[in-house]
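# Structural features, examined
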Amino acid sequence: MLLSLSLASSRLSRRNVGRVFLIPYLRVRTMTSEKNGASTATTEIQTLTRDGQEFTEVKEGLASILVPFSAKDAANKKLSEVEEQQKVFYNPIQQFNRDLTVLAIKAYGQETLAKRRSFNSDRAAKRKRDKSDTGGDRPTKQEKVTEATKGPTSTADVAEKNETQAKGANIVFSDIQNGHNTDIPADTHENPDKPSNDVPNNTDQPAEASQAPSKQESKPGDTKPDDRPGPRFTILDALSATGLRALRYAQELPFVTSVTANDLSPSAVEAIKRNAEHNGVESKVNATSGDARAHMYSLLTREEADEQSKGKHHKRGAPKANQKYDVIDLDPYGTAATFFDAAINAVRDDGGLLCVTCTDSGVWASHGYPEKTFALYGGVPVKAFYSHEAGLRLILHGLASTGAKYGLAIEPLLSLSIDYYVRIFVKVRKSPAQVKFLSGKTMIVYNCDQGCGAWETQFLVRNKKATNKSGKGVFYKHGLAMAPTADRTCEECGSKMHLAGPMYGGPLHSSDFIKKILDDLPNVSDDVYGTKPRIEGMLTTALEELLPPPKDELESSKEDEFAAIEPYPFFFHPSSLAGSIHCISPDEASFKGALRHLGYQVTRSHCKPGSIKTSAPWSVIWHVMREWIRQKAPVNVGKITEHSPAYTLLRLGKKDEAAENGDDAVDKMEVVFDKKLGRDTTKPGLIRYQTNPRENWGPQSRASKR
């Protein structure tokens, strides 16, 4: 393959007029010899020059980043090598991750800010009522001093002053960011005159222009809500690299007031500053250099110092100054476990959002390194088809157990296994009462990984709901769990059982949160969010995989949410069941139809295509498989050895014994393979599962430390 570069006409960059930049076009021509001739391909690469260095511009969403590019170096390399070099700075495969995160933070931020405004409006109304009940029109000490020095005040002046105070009365957010006090009016609302697009259309304007004071003078108390700034909303991109995530947050989320983009590499920090200036958001994006853990812990130490110095003067019931981040995004190369403790302590503890990516699927989704998995996440992985869901639960367990030490509880909003990584969104809340339920939501798994693939779960503690002695109301009591719930051998096939966990046993998602994102999808631009179809498909699948729990006979309690567990974790694939008994695999519709005909709930998992999640027990699942063989796909039982799992599953040696015992009611169930009943009636044409877009696809090389 030969590579030639030719320089075409150049032009000035409109966006950066006065800063510099010539934009030449590099035409890359590749030649590949073939048997009957040669084929050529020409690609134009747009570049710009800044401070004597060449860059290419990569656009994603509303942001664009400058990627270093050298025409001289490229002339001596193959095109594939040039492309691979650019991927160190930008990995297009992760666009789905970034698109999803922007939309998730948008849904979270809108709900959170609305709640804060409502809370502070209620507090403002309460203060007015208290003021009127206690004679709030009495003069203060300062007013008395002023009156004594300046003389008596006329009735007209008093009336004017009272009117002014009534108009200007509002409650404020006491918030501190980066050491600066930021008192924001609580009843602040978004500007109704602003366009209803997802992103404001003035992002290219200088910050000074948008913040220019009005020439028209206004009297105190005449300030309109439209003129007041919105409440503070801050984001930390802890491992920012080029700053692409921070740039998108700053431009695509209109309520964001500050984004901190941190990286350990000095060259990365320079790239962040350069890209922020290139996008015109240097006033919003603050680039910091250093260890992300040190940065996050510094907020905790600063907050503790402030509490000690101001604790004596803090009014009871008043909101405390909070310098923690509303959102922290952890997107490292590999595991994020080393940042859990610092991030849990640096995000707001009144419902802050923590976004976590872990790309070390070789650790949490495989059985090759159980010691490494335990060291990072505090649990052991499974060897099974559902290993990716188990990996999600291991990572959630690591987060939950980390926060529990500080009285912090997590609430998973969205937990997804995507391609070669996981993406998790959790709320963090200070709630010692909720932390008490964590042990009863932590489970170990007995897994038949050498036989039929069945599993059994056991929670470490029982969160048992009971009725009060008076018979009115219910409460939860926590007690030790009986052990074990499974034998050393599998109840279905007699193979050895292996232990996995402990891992998180609560729900993986919040249906309300997923619905908020899906409801907003039709309103966002297809050009800005290029992976929108896949987001819709995966979130719809995640929403459908939430099977309702069994009916609770006792009355509801406010602590039911704390005690909620996943009654039907994990999934299986019909082909893996068929492999255990050496038969033709049933099709998905037939198998689902059979289970639904028996009255069980059936859905799919977002983790893998063809997966089945069901409320049916394993005894029923294997009864359906035996009926499949009897009705649809007979097997040659003569080739099945006596000590194999298939021999036990098909009950080849226990026919007489089963007939005598009437092998419970399961064997008497009538199984009907109804394809029509098994077909899903949800929206057709959704992109539920990603296919590999190209050869050698996946995570790129780790960036070198420079």
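Residues numbered from 1 in each chain as written. Predicted model: local features only at pLDDT ≥ 70, side-chain atom pairs only at ≥ 80, totals over all residues. Heavy atoms only, no water.

For the protein, the count of helices and strands is 23 helices and 23 strands. Residues classed as buried in the protein amount to 46% of the 706 residues present. Contacts spanning at least 24 positions in sequence make up 69% of the contacts within the protein whose residues lie at least 6 apart. Split by element, the accessible area of the protein, about 37,000 Å² in all, is 50% carbon and sulfur. (Helix = DSSP H or I, 4+ residues; strand = E, 2+ residues; numbered from the N terminus. Buried < 20%, exposed > 50% of the residue type's maximum accessible area, 1.4 Å probe, protein only. Contact = heavy atoms within 4.5 Å. Areas by Shrake-Rupley, 256 points an atom, 1.4 Å probe, with all protein chains shown as cover.)

Here we come to a positive patch on the surface. A grouping of Lys632, Lys675, Lys676 and Arg679 is seen on the molecular surface, where their side chains present a positively charged patch. Here Lys675 is to be found in helix H23 (residues 675–678). (Patch = residues over 30% accessible without salt bridge, like charges linked within 9 Å, V, L, I, M, F, W, Y side chains within 5 Å. Salt bridge = Lys/Arg side-chain N within 4 Å of Asp/Glu carboxyl O. Lys, Arg positive; Asp, Glu negative; His and termini not counted. Charge placed at Lys NZ, Arg CZ, Asp CG, Glu CD.)

Attention now goes to the packing of aromatic side chains. Per the stated rule, a full pass over the model turns up 14 aromatic pairs. A ring pair is formed by Tyr386 and Trp455, whose centres lie 4.8 Å apart and whose planes are at 65°; its orientation type is edge-to-face. You can see Tyr386 sitting in the loop between helix H12 (370–377) and helix H13 (387–404) and its partner Trp455 sitting in strand E18 (residues 455–459), a full 69 residues away along the chain. For the pair formed by Tyr386 and Trp455, the shared burial category is buried. Put simply, the rings of Tyr386, Trp455, Phe570, Phe572, Phe591 and Trp618 touch in pairs and so form one group of aromatic residues. Sitting over the ring of Phe96, Arg534 keeps its end group 4.3 Å from the ring centre. (Phe/Tyr/Trp six-rings, centres within 6.5 Å; stacked < 30°, edge-to-face > 60°. Lys NZ or Arg CZ within 6 Å of the ring centre and 35° of its normal.)

With respect to topology, seven strands assemble into an open sheet ordered E12-E11-E10-E13-E14-E16-E15, the strand pairing being mixed. Of all strands in the sheet, those bounded by a partner on one side alone are strand E12 (285–289) and strand E15 (408–418). Strand after strand, the sheet turns through a mean of 15° between neighbouring axes, direction not considered. Against the sheet, helix H7 (residues 244–252) touches strand E10 (234–237), strand E11 (258–263), E12, strand E13 (327–330) and strand E16 (421–430), its axis set at about 180° to E11. (Pairing = 2+ DSSP bridges. Axes fitted to C-alpha atoms, helices over the stretch in contact; angles between N-to-C directions.)

Moving on: the environment of Pro609. Secondary-structure assignment places Pro609 in the loop between strand E22 (602–603) and strand E23 (613–614). Sequence-wise, Pro609 and Arg688 are 79 residues apart; in three dimensions their C-alpha atoms are separated by 8.0 Å.

This part takes up the side chain of Thr603. Along the chain, Thr603 falls in strand E22. Classification of Thr603 by relative accessible area gives buried; the value is 7%. Those residues in contact with Thr603 that lie beyond four places of it in its chain are Glu544, Glu545, Leu547, Lys592, Ser611, Ile612 and Lys613.

This part takes up the sheet that holds strand E17 (residues 442–447). Spatially, E18-E17-E21 is the arrangement adopted by the three strands of the open sheet, whose pairing is antiparallel. Strands at the two margins of the open sheet, each flanked by one partner only, are E18 and strand E21 (498–504). The sheet shows a mean angle of 25° between the axes of neighbouring strands, taken without regard to direction. As paired strands, E17 and E21 are joined by five bridges and run antiparallel to one another.

What follows is about the pattern of salt bridges. Scanning all chains against the criterion turns up 33 salt bridges. Between Glu277 and Arg50 there is a salt bridge whose closest N-O contact spans 2.8 Å. In this pair, Glu277 is assigned in helix H8 (residues 266–279) and Arg50 in strand E5 (residues 37–50), connecting sequence segments 227 residues apart. Judged by its relative accessible area of 10%, Arg50 falls in the buried class. One network of salt bridges, with partners in common, ties together Glu544, Glu588, Lys592, Arg596, Arg604, Asp680 and Arg688.

For any two helices packed against each other, the geometry is given by the interaxial angle and the distance between the axes. One way to put it is that helix H19 (residues 588–597) packs onto helix H20 (residues 618–631) with a least axis distance of 11 Å and a crossing angle of 125°. Put simply, H19 runs oblique to H20. Two packed elements cross with a definite hand, and for H19 against H20 that hand is right-handed. Of the residues in H20, those in contact with Ser590, Phe591, Ala594 and Leu595 of H19 are Val620, Ile621, Val624, Met625 and Trp628. Here the contact of H19 with H20 is built from residues that sort into eight nonpolar, one polar and no charged. (Parallel < 35°, antiparallel > 145°, perpendicular 65-115°, else oblique. Left-handed = near helix turned anticlockwise from the far one by under 90°. Nonpolar A, V, L, I, M, F, W, Y, C, P; charged D, E, K, R; others polar.)

For E16, a buried count of eight out of ten residues is recorded, marking the element as mostly surrounded by other parts of the structure. In this sheet, E16 lies alongside strand E14 (residues 350–358) in antiparallel orientation, the contact comprising eight bridges. By the bridge assignment, Asp350 is partnered in E16 with Arg429. Where E15 lies against E16, ten bridges are found, and the strand directions are antiparallel.

Pairing of strand E6 (residues 53–60) with strand E7 (residues 63–68), which is carried by six bridges, proceeds in the antiparallel orientation. If you follow Glu60 over to E7, its bridge partner there is Ala63. From the end of E6 to the start of E7, which pair antiparallel, there are two residues, and Gly61 there has a positive phi angle of about 65°.

This paragraph deals with unusual backbone geometry. Following Ala483, the chain continues into Pro484 via a peptide bond in cis, with omega recorded as -15°. Mapped onto the elements of the fold, Pro484 is located in the loop between strand E20 (474–480) and E21. Not every positive phi belongs to a glycine, and Ala241 is a case in point at roughly 60°. On the secondary structure map, Ala241 appears in the loop between E10 and H7.

This next bit is on the environment of Glu627. Relative to the elements of secondary structure, Glu627 occurs in helix H20. In the structure, Glu627 is positioned 44 residues away from Val671 in sequence and 6.8 Å away in space, judged by C-alpha atoms. Discounting chain neighbours no more than four positions away, the residues touching Glu627 are Lys632, Val671 and Phe673. Separated by 2.7 Å, the side chains of Glu627 and Arg630 make a polar contact. (Polar contact = N/O pair within 3.5 Å; in protein donor to acceptor, adjacent residues only side chain to side chain.)

Quick look at the side chain of Glu389 now. Relative to the helices and strands, Glu389 resides in helix H13. The exposure class of Glu389 is buried, given its relative accessible area of 2%. Apart from the residues lying within four places of it in its own chain, the contact partners of Glu389 are Leu508, Pro569, Phe570, Phe571, Ser605, Cys607 and Lys613.

Here the focus is the confidence of the model for the protein. The predicted model of the protein has a mean per-residue pLDDT of 80, with 72% of residues at 70 or higher. For residues 1–43, every residue scores under 50 in pLDDT, and the model assigns this stretch 96 contacts once sequence neighbours within four places are set aside. Low pLDDT, under 50, characterises residues 658–662; the stretch is placed with two contacts to residues that sit more than four places away or in other chains. (pLDDT = per-residue confidence, 0-100.)

A few words on the nonpolar core. With 89 residues, the main nonpolar core has Met296, Ile328 and Tyr377 as its most contacted residues. Sort the elements by how many residues they give to this core and H20 lands first, with eight residues. Excluding anything up to four places from it in sequence, Met296 contacts Leu236, Ile328, Leu330, Phe339, Ala342, Ala343 and Ala346. Listed in part, the 54 residues of the second largest apolar core include Phe233, Ala287, Ile418 and Ile535. (Core = buried A, V, L, I, M, F, W, Y, C linked by side-chain atoms within 4.5 Å.)

The next thing to look at is the environment of Pro381. Positionally, Pro381 belongs in the loop between H12 and H13. The class of Pro381 is buried, set by a relative accessible area of 6%. Separated by 15 residues in sequence, Pro381 and Ser366 place their C-alpha atoms 6.6 Å apart. Pro381 has contacts with Val363, Trp364, Ser366, His367, Pro370, Thr373, Leu394 and Ala500, leaving out every residue within four places of it along the chain.

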